[in-house]
Amino acid sequence: MAMDEEAPLVVEISKNENSIVNHEKDVYILSSAFLLIFLAYGAAQNLESTINTEGNLGTISLGILYLSFMFCSIFASLVVRKLGSKNALILGTTGYWLFVAANLMPNWMFVNFNCQQLIKPSCRYTMVPASLYLGFAASIIWVGQGTYLTSAARSHANDHILNEAVIIGKFNGVFWGMFASHQFVGNLITLALMRDEEGGSTSGTTVLFLVFVCTVTLGAVLMCFLSKRAGKEEARQQDSSASSVSSVATLLKSIITLLQDIRMLLIIPLIAYSGLQQAFVWAEFTKYIVQPTMGESGVGGAMAVYGVFDAICSLLAGHFTFGLSSISIIVSGGALVQGAVLVWILLAHSVTAGALGILYPLLVAALWGIGDGVLNTQLSALLGILFKDDLEGAFAQLKLWQSFAIAIVFFLAPYISLQTMLVIMFVALCFSALGFLFLTLKVERAFSYRAA
């Protein structure tokens, strides 16, 4: 893989009469590649807590994954700068391929302690090493995605003399709308291939994960067709990053500076909550709400409903994003929806048979998908608007705090009840919503002061 010269993660692409980059085409290629990769990974993740239950292997593997993701996010922007965003995206796909393949033969470690011998070569892909590597791969693919998409939006706005905030919102809406549909497509495949057998066992998992390995491979190939993000500023920036040591020092300074920025401090609780609510679906919702009434094969159907509403809401939220005021209204609406769902489950949840038992988890999935679509689209747009001068640091903070919150849920899930988790989620939602509303008032007041 050829490596780009070390360059800033987001650069402006100047107009060139001989070679005009189609930024919208790149957005659709990027979105399609993520759809193919995450329809496999998302469905696999949804099933981890129900199919790999021995020693809580599935849940703990996901906790290890997101803990690795958290630590690697600190230096992910440096890796993306070294490789270039396109090459980082391609490299990131390898972690998802390995994790999905590992589910064909899930084991704790490379050594079979019962037999005191090495596991056969066909079993060499095991969950813990695959989870650790995916943490690294996920950190660079998501920082690469955030910077690549924002770069494309800014370049498109510059080339066509359009409002930058509107294009950032539009491009994020397209990406997150297509991305969210991975839950629908991936879980429909799960629903079609998995079957519940007598005695609580499930058939079809091997065929399912073989299909998923193929889709991840196709997504990785599609990444190769992305245009490179480069421009005139590249040569100028190269002089300011002469060594890896200075680059690391600059990165750490950037992270520390952002943590001293009141705007970032007020956004971090909402970022962390976005991670909590995603992990809640993967670790708690599928296990305690869907599986008791619909079975393991029903997890795919419920998550498909979740994905449909997530995708629709992402597209609509992106379409109606025009600036900070619209983001405030949309986020407040999403928070109200998820808050109502949390209270509903906390006060009225019970395992019910019949049509009502099937309708209940599907309705919860639909409402939760609405909230997730809002948070994904609006957080990315918000960071792109408020931190345009330090996007690499901003997106690193996004994935750092999201993965931290997700890891906490997966490690705590085996030891706390559903009711306790719901209370934690509700308190976190209220706290993050208040911080976000305070941020919008502070920023709008600053804009008003400048205008005066």
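None of these values were measured; they are calculated from a predicted model. Counting from 1, residues in each chain are numbered in the order their sequence is written. Confidence filtering applies because this is a predicted model: local features only for residues at pLDDT of at least 70, side-chain atom pairs given and counted only at 80 or more, and all residues used for totals across whole chains, interfaces and linings. Excluded from the side-chain calculations are hydrogens and water; all other atoms, namely the structure's heavy atoms, are used.

Engineer: How would you summarise the overall build of the chain if you had to cite specific residues and measurements?
Structural biologist: Each helix is a run of DSSP H or I of at least 4 residues and each strand a run of E of at least 2, with the numbering of both proceeding from the N terminus. Each helix and strand in the chain was counted, giving 13 helices and four strands. For the chain, contacts bridging at least 24 residues in sequence account for 85% of all contacts bridging at least 6. All accessibility values rest on the Shrake-Rupley procedure with a 1.4 Å probe; residue burial counts only the protein chains present in the view. A total accessible area of about 18800 Å² is found for the chain, and carbon and sulfur atoms account for 67% of it. In what follows, a contact means two residues having at least one pair of non-hydrogen atoms within 4.5 Å.

Engineer: Would you mind going over the packing of aromatic side chains in detail, with residue names and values included?
Structural biologist: Aromatic ring pairs are reported here in terms of the distance separating the ring centres and the angle at which the planes meet. Here a Phe, Tyr or Trp ring, Trp counted by its six-membered ring, pairs with any other such ring whose centre lies within 6.5 Å, and the pair is stacked when the planes are under 30 degrees apart, edge-to-face when over 60, and tilted otherwise. Per the counting criterion, the structure on display carries 22 aromatic pairs. Here the aromatic rings of W142 and W176 are separated by 5.6 Å at their centres, their planes lie at 5 degrees, and the arrangement is stacked. In this pair, W142 sits in helix α4 (residues 127–160) while W176 sits in helix α5 (residues 164–193), placing the two residues 34 residues apart along the sequence. For the pair W142 and W176, one class covers both residues: buried. Ring centres of F175 and W176 lie 5.1 Å apart, and the angle between their planes is 85 degrees; on these two criteria the pair is classed as edge-to-face. Buried residues are those whose accessible area, probed at 1.4 Å on protein chains only, stays under 20% of the maximum for their type, while exposed residues exceed 50% and partly exposed ones sit between those limits.

Engineer: I'd love a proper account of the side chain of Q45, names of residues and values included.
Structural biologist: With respect to the helices and strands, Q45 occurs in helix α1 (residues 23–51). Within 3.5 Å is the distance limit for a polar contact, defined as a pair of N or O atoms, with the added protein rule that one can donate a hydrogen and the other accept it, and that residues adjacent in sequence qualify only through two side-chain atoms. Only 2.7 Å separates the side chain of Q45 from the side chain of Y41, close enough to count as a polar contact.

Engineer: Help me get a handle on the packing of α4 against helix α12 (residues 391–412), residues and values and all.
Structural biologist: In this analysis, axes come from line fits to C-alpha atoms, helices being fitted only over the stretch in contact, and the angle between any two N-to-C directions falls in the range 0 to 180 degrees. Interhelical geometry of α4 versus α12 gives an angle of 135 degrees and a closest axis separation of 9 Å. As summarised for this structure, α4 and α12 are arranged oblique, according to the angle between their axes. Handedness of the crossing formed by α4 with α12: right-handed. Residues W142, V143, G146, T147, T150 and R154 of α4 touch α12, and the partners they reach there are L391, E392, F395, A396 and K399. Residues were grouped as follows: Ala, Val, Leu, Ile, Met, Phe, Trp, Tyr, Cys and Pro as nonpolar; Asp, Glu, Lys and Arg as charged; and all remaining residues, including Gly, as polar. When the residues that make up the contact of α4 with α12 are grouped by side-chain class, the tally is five nonpolar, three polar and three charged. In what follows, roughly perpendicular refers to angles from 65 to 115 degrees, roughly parallel to angles under 35, roughly antiparallel to angles over 145, and oblique to any angle outside these ranges. Working rule for handedness: look at the near helix, and if it is turned counterclockwise from the far one by less than a right angle, call the crossing left-handed; if clockwise, right-handed.

Engineer: Describe the nonpolar core, naming the residues involved and giving the relevant values.
Structural biologist: Residues F34, Y96, W142, M223 and F285 are the most contacted members of the largest nonpolar core, which totals 116 residues. Considering every element that reaches this core, the biggest residue donor is helix α9 (residues 262–319), with 24 residues. When near neighbours in sequence (up to four residues on either side) are disregarded, M223 contacts L30, A33, F34, I37, K86, L89, I90, T93 and I141. For the purposes of this section, nonpolar cores are sets of buried Ala, Val, Leu, Ile, Met, Phe, Trp, Tyr and Cys residues that join through side-chain atoms within 4.5 Å.

Engineer: Quick one: what's the story with helix α10 (residues 324–348), residue by residue and with numbers?
Structural biologist: What a helix is expected to span follows from its residue count: subtract one and scale by 1.5 Å. Taking 1.5 Å per residue as the helical rise, α10 with its 25 residues ought to reach 36 Å, and the 36 Å between its terminal C-alpha atoms agrees with that figure. For α10, the set of buried residues is L324, S326, I327, S328, I330, V331, G334, Q338, G339, V341, L342 and I345.

Engineer: Pulling in residues and values, what's your account of the pattern of salt bridges?
Structural biologist: The term salt bridge refers to a pairing of a side-chain nitrogen on Lys or Arg with a carboxyl oxygen on Asp or Glu at a separation within 4 Å. Taken as a whole, this structure holds two salt bridges when the rule is applied. One salt bridge in this structure joins K170 and E24, with 3.4 Å as the shortest N-O distance. Note that K170 is positioned in helix α5 and E24 in helix α1, a separation of 146 residues in sequence. Residue K170 is classed as partly exposed on the basis of its relative accessible area, which comes to 39%. With relative accessibility at 30%, the residue E24 sits in the partly exposed group. Residue D261 pairs with R263 through a salt bridge whose shortest N-O separation is 2.9 Å.

Engineer: An account of α5 is needed here, citing residue identities and associated values.
Structural biologist: Its 30 residues give α5 an end-to-end C-alpha distance of 44 Å, which sits within 8% of 44 Å, the value for a rise of 1.5 Å per residue. Its side-chain oxygen placed 3.0 Å from the backbone nitrogen of A165, N163 serves as the N-cap of α5.

Engineer: Please provide a residue-by-residue account of a nonpolar patch on the surface, values included.
Structural biologist: Patch membership requires more than 30% relative accessible area and the absence of a salt bridge. Residues of like charge join within 9 Å; the nonpolar side chains Val, Leu, Ile, Met, Phe, Trp and Tyr join within 5 Å. Together, V343, L346, L347, V423, F426 and V427 line one region of the surface with nonpolar side chains, adding up to about 510 Å² of accessible area. Residue assignment for the nonpolar patch shows that the elements contributing at least two residues are α10 and α13 (418–451).

Engineer: Describe in detail the environment of I289, supporting the description with residues and values.
Structural biologist: Its location among the elements puts I289 in helix α9. In this view, I289 contacts E284, I345, H349, Y360 and P361; residues no more than four positions away in its chain are not counted.

Engineer: Go over the environment of N22, please, and point to the residues and values.
Structural biologist: Among the structural elements, N22 can be located in the segment before α1. For N22, a relative accessible area of 43% puts it in the partly exposed group. Engagement of the side chain of N22 in a polar contact is seen with the backbone nitrogen of E24, the distance being 3.3 Å. Looking at N22, its side chain comes within polar contact range of the main-chain nitrogen of K25, at 3.0 Å.

Engineer: Which residues make up the confidence of the model for the chain, and what are the values?
Structural biologist: As a per-residue measure, pLDDT tells how confident the predictor is, with possible values from 0 to 100. Summing up the model confidence of the chain, the mean pLDDT is 79 and the portion of residues at 70 or higher is 80%. Contacts from residues 1–19, a stretch scored under 50 in pLDDT, to residues over four places away or in other chains number 53 contacts.

Engineer: Kindly report on the side chain of Q397, identifying the contributing residues and their values.
Structural biologist: Positionally, Q397 belongs in helix α12. Note on Q397: relative accessible area 1%, which makes it buried. When neighbours within four sequence positions are excluded, Q397 is seen to be in contact with I255, L258, L259, M264, I268 and I271.

Engineer: Please give an account of the packing of α4 against α5 that cites residues and values.
Structural biologist: With their axes 8 Å apart at the nearest point, α4 and α5 run at an angle of 135 degrees to one another. Put simply, α4 runs oblique to α5. Both α4 and α5 take part in a crossing whose hand is right-handed. Facing α4, whose interface residues are W142, Q145, L149, A152, A153, R154, H156 and A157, α5 presents E164, I167, I168, F171, N172, F175, W176 and F179.

Engineer: Quick rundown of the environment of W142? Include the residues and the values.
Structural biologist: For W142, a relative accessible area of 7% puts it in the buried group. Taking C-alpha positions, W142 is 8.4 Å from G92, a pair spaced 50 residues apart along the chain. When sequence neighbours within four positions are dropped, the list of residues in contact with W142 reads F34, F38, F69, Y96, F175, W176, F179 and K399.

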